[in-house]
Structure formats: C-alpha cells, structure tokens
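Residue-level listing of the chains:
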Amino acid sequence: KPDVFLSHGSMYAAHAAFLMRKPHIAFEDTYNLEQVRLYLPFTKQVLTSDYDHPIKSDKVIKYAGYHELAYLHPKRFSPNISVLNEIGIKPDEKFVIVRFVSWNASHDIGHKGISLENKMKAIEEFSRYSKVFISSEGELPVELEQFRIKISPDKLHDLLAYSSLMWGESFTIPAECSVLGVPSVINHNTRSLYLKEQEEKYGLCYNFSESLEDQHKAIEKGIEILKSSDLREEWQAKRNIMLNDKIDVTAFLVWFIENYPQSAKIMKENPNYQYNFK
C-alpha cells in the first residue's frame, strides 16, 4: 500500500502507480526517449538536473545537481583509504581504473565500444606510468583477465576516489569520478548531457566518440593526464568549483518526497528554494 512510487525513469513503476492511482515521481538523467515516452504519460513529476535536455514538459522540475551527488557528495561519502592495501597500492602511487561495458541495454543498440586492439594498447601504454585495474561488466579476454579488480563491488567508490584516472566506455562511473574530483576519459557515440556539462563547464572529464581515430585520441589524453605532476590538486580544485554550484541532492530529495505535493508547488513558484540544501 504505497503512497508514492519513485523510480529512475521506470515504465513499470509508472504503469503500476497509474493502475493504483498513486503518484509516480521519476529521477531522470539518461533521457533514453524510448523509455521516456512509455513512462511520462503516467508520471506526475520528473526531477532532472538543470542543464538543457530533451524532456520539454511542465512535469519537469530541475535541480542543481547530479544523481551521483546523492551518494558521493562530501556530506554523504568519505573514501576509506584502507582499500588501497587490498590491491597493493601505496597512497602516493598512481593507478588507473579501466571500465568496459557489455553493451546489452536497449540504448546500447548500434554501439560497438572500444576495439580489443585498442583496449590492449591502452592498458599497455598506461602500464608505463601507473598500475592498471579493469572493471568489466562482461568476460575479459585471457590476456586482460590479470588486470581485473579483485575487490568487493561496495568498495569501488573508495577505489575511484584515490585513482589517478578512469578510462573506458561507460557513463555512470565517469560521472562518479567527476564528483569525486578524479579525471576520466570516455569513448561513446552518445553524448551524455551530464558528462557534457562536466567537461565543458568544469573541465572534469573528456568525451570522445567510438571511432578508431577518437579511440587513439582518448589513449593519448589518458597518457597526458598520467604524466601530470599536480594531478590531484588540479582536479580537486575543479571539483570544489562544481560542488559550490550544486546542492546536497540527498537532502533535497528527502525534503521533496516527504513534503510532496506541496514541495512541487514550492519549486515551481520559487526554484531557488533548493539552495536551502547546500
């Protein structure tokens, strides 16, 4: 007997809410329109970040933040340095997290990702400047299995926070790196709107396409980053600029849900109310 349905843009939650005559509130940041079209008619509010995006509806309420700030904001997350002992890394030692995805989602149709040849090349090149660890959704070739991260998944964010670079194909982990103040390099033919803002407004990441030419450019950018001597200081300064613009997303969402529907009325009339949650 729920009072409200909350989801990350789930058509199933939206349809169930409609049938039970309860409000559905969607947290949206990927804008996969094949999914949006199926949930939007059955949704009361759509909470999104405040950059320009393709959902043009009076149901949208924008806030200054990213999904990743709901769990990686400094008020919500403090990395545990002990994770470095588990992978044999010293606190001042550089290491890279390489991320490969399985390309099985509906919005992955038509994508090929990084070629095996360039995956091998990237790891070979990065190994000259740092240790390399791979996080992969799927199986790895025998040649790369030795690089797979051997820690429990719940410690990945601790590891990301102390890494020197994240390089790969996904969207979420680079965004997590941005809010942690860690550089990332992404190869993807789809332009993620939050990564676009994090690159163009804050200089926290670098976006490349999946073309072979761009794959080589992405490898070169990774090498350039690893050669930097003041890497952590530079990215933490960028992160602080970003955090100064954003709100504590968790505090805002808790307030919004606990006070709904009055909270929606307040945000429509006075969007700056959200800055009470800094």
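Located above this text is the structure these notes cover.
These notes cover the structure that comes with them. (Residues numbered from 1 in each chain as written. Predicted model: local features only at pLDDT ≥ 70, side-chain atom pairs only at ≥ 80, totals over all residues. Heavy atoms only, no water.)

The probe, sized like a water molecule, is rolled over the atoms to show the empty space still left. Approximately 280 Å³ is the volume found for the second largest pocket. Forming the boundary of the second largest pocket are 17 residues, of which Asp92, Lys94, Ser164, Leu231 and Arg232 lie nearest the centre. (1 Å grid on protein atoms, 1.4 Å probe; cavity = no way out; pocket = protein on both sides within 12 Å on 5 of 7 lines; lining within 4 Å. Points joined across faces, edges and corners; volume = space filled by probe spheres on them.)

One finds Tyr39, Phe126, Leu159, Trp167, Phe252 and Phe256 to be the most contacted residues of the largest nonpolar core, which totals 82 residues. Beyond its immediate sequence surroundings of up to four residues, Tyr39 is in contact with Gly9, Ser10, Met11, Ala14, His24, Ala26, Glu28, Val46 and Ile55. (Core = buried A, V, L, I, M, F, W, Y, C linked by side-chain atoms within 4.5 Å. Buried < 20%, exposed > 50% of the residue type's maximum accessible area, 1.4 Å probe, protein only. Contact = heavy atoms within 4.5 Å.)

Let us look at a nonpolar patch on the surface. A grouping of Phe18, Leu19 and Met20 is seen on the molecular surface, where their side chains present a nonpolar patch of about 360 Å² in accessible area. Within the secondary structure layout, Phe18 lies in helix α1 (residues 11–19). For Phe18, a relative accessible area of 51% gives the class exposed. (Patch = residues over 30% accessible without salt bridge, like charges linked within 9 Å, V, L, I, M, F, W, Y side chains within 5 Å. Areas by Shrake-Rupley, 256 points an atom, 1.4 Å probe, with all protein chains shown as cover. Salt bridge = Lys/Arg side-chain N within 4 Å of Asp/Glu carboxyl O. Helix = DSSP H or I, 4+ residues; strand = E, 2+ residues; numbered from the N terminus.)

This part covers the pairing of strand β5 (residues 95–100). A large share of β5 lies buried, amounting to six of its six residues. The alternating pattern of β5 places Phe95, Ile97 and Arg99 and Val96, Val98 and Phe100 on opposite faces, both of which are buried. Of the strand pairs in this sheet, β5 and strand β6 (residues 131–136) are connected by six bridges, and their pairing is parallel. Residue Arg99 lies in a different strand from β6, and its bridge partner there is Ser135. (Pairing = 2+ DSSP bridges.)

Let us now look at the pairing of strand β9 (residues 205–208). Covered by surrounding structure in β9 are Cys205 and Asn207 together with Tyr206 and Phe208, the residues of both alternating faces. Sheet topology places strand β8 (residues 184–187) next to β9; four bridges connect them, and they run parallel. Following the sheet pairing, Ser184 is matched in β9 by Cys205. With helix α8 (residues 193–200) bridging β8 and the parallel β9, this β-α-β connection has right-handed handedness. (Right-handed = clockwise from strand over helix to strand, strands pointing away.)

This part covers the side chain of Ser7. Along the chain, the position of Ser7 falls in strand β1 (residues 5–7). A residue is classified by how much of its surface remains accessible, and Ser7, at 9% relative accessible area, is buried.

Turning next to the pattern of salt bridges. Applying the stated criterion across every chain yields a total of 14 salt bridges. A salt bridge links Asp52 to Lys56, with the nearest nitrogen and oxygen atoms 2.6 Å apart. Under the relative-accessibility criterion, Asp52 is labelled exposed at 59%. A salt bridge links Glu224 to Lys221, with the shortest nitrogen-to-oxygen separation between them at 3.3 Å. Taken together, the positions of Glu224 and Lys221, both in helix α9 (residues 212–227) and three residues apart, correspond to about one turn of that helix. Here the residues in one salt-bridge network are Arg191, Lys196, Glu199 and Glu200, joined through shared partners.

Moving on to the sheet that holds β1. Spatially, four strands are ordered β1-β2-β3-β4 in an open sheet, and the strand pairing comes out parallel. What marks the edges here is a single partner per strand, and that holds for β1 and β4 (60–63). When strand polarity is set aside, the average angle formed by the axes of neighbouring strands in this sheet is 20 degrees. The pairing of strand β2 (residues 24–27) with strand β3 (residues 45–49) spans three bridges and is classified as parallel. In the strand pairing of β3, Phe27 is matched with Leu47. In this fold α1 packs onto β1 and β2, with an angle of close to 170 degrees to the strand it touches most, β1. Contacts from helix α11 (residues 249–258) reach β1, β2, β3 and β4 within the one sheet, and its direction differs from that of β2 by about 170 degrees. (Axes fitted to C-alpha atoms, helices over the stretch in contact; angles between N-to-C directions.)

Right, let's get into the sheet that holds β6. Pairing between the strands of a sheet comes from backbone hydrogen bonds, and it takes one of two forms, parallel or antiparallel. Taken together, the five strands give an open sheet; going across it, the order is β6-β5-β7-β8-β9, and neighbouring strands pair in parallel fashion. Since the sheet does not close on itself, it has two edges, and those belong to β6 and β9, each with one partner. Ignoring strand direction, the axes of neighbouring strands in this sheet form an average angle of 15 degrees. Of the strands in this sheet, β8 and β9 are in contact with α8, which crosses β9 at around 125 degrees.

Taken as a whole, this structure holds 14 aromatic pairs when the rule is applied. Pairing Trp255 with Phe277 gives two aromatic rings, centres 5.4 Å apart and planes at 40 degrees, and the pair type is tilted. With Trp255 in helix α11 and Phe277 in the segment after α12 (262–269), this residue pair connects regions lying 22 residues apart in the sequence. Of the residues examined, Phe277 reaches a relative accessible area of 14% and is grouped as buried. A network of ring pairs unites the aromatic residues Tyr63, Phe252, Trp255, Phe256, Tyr260, Tyr273 and Phe277 as a single cluster. (Phe/Tyr/Trp six-rings, centres within 6.5 Å; stacked < 30°, edge-to-face > 60°.)

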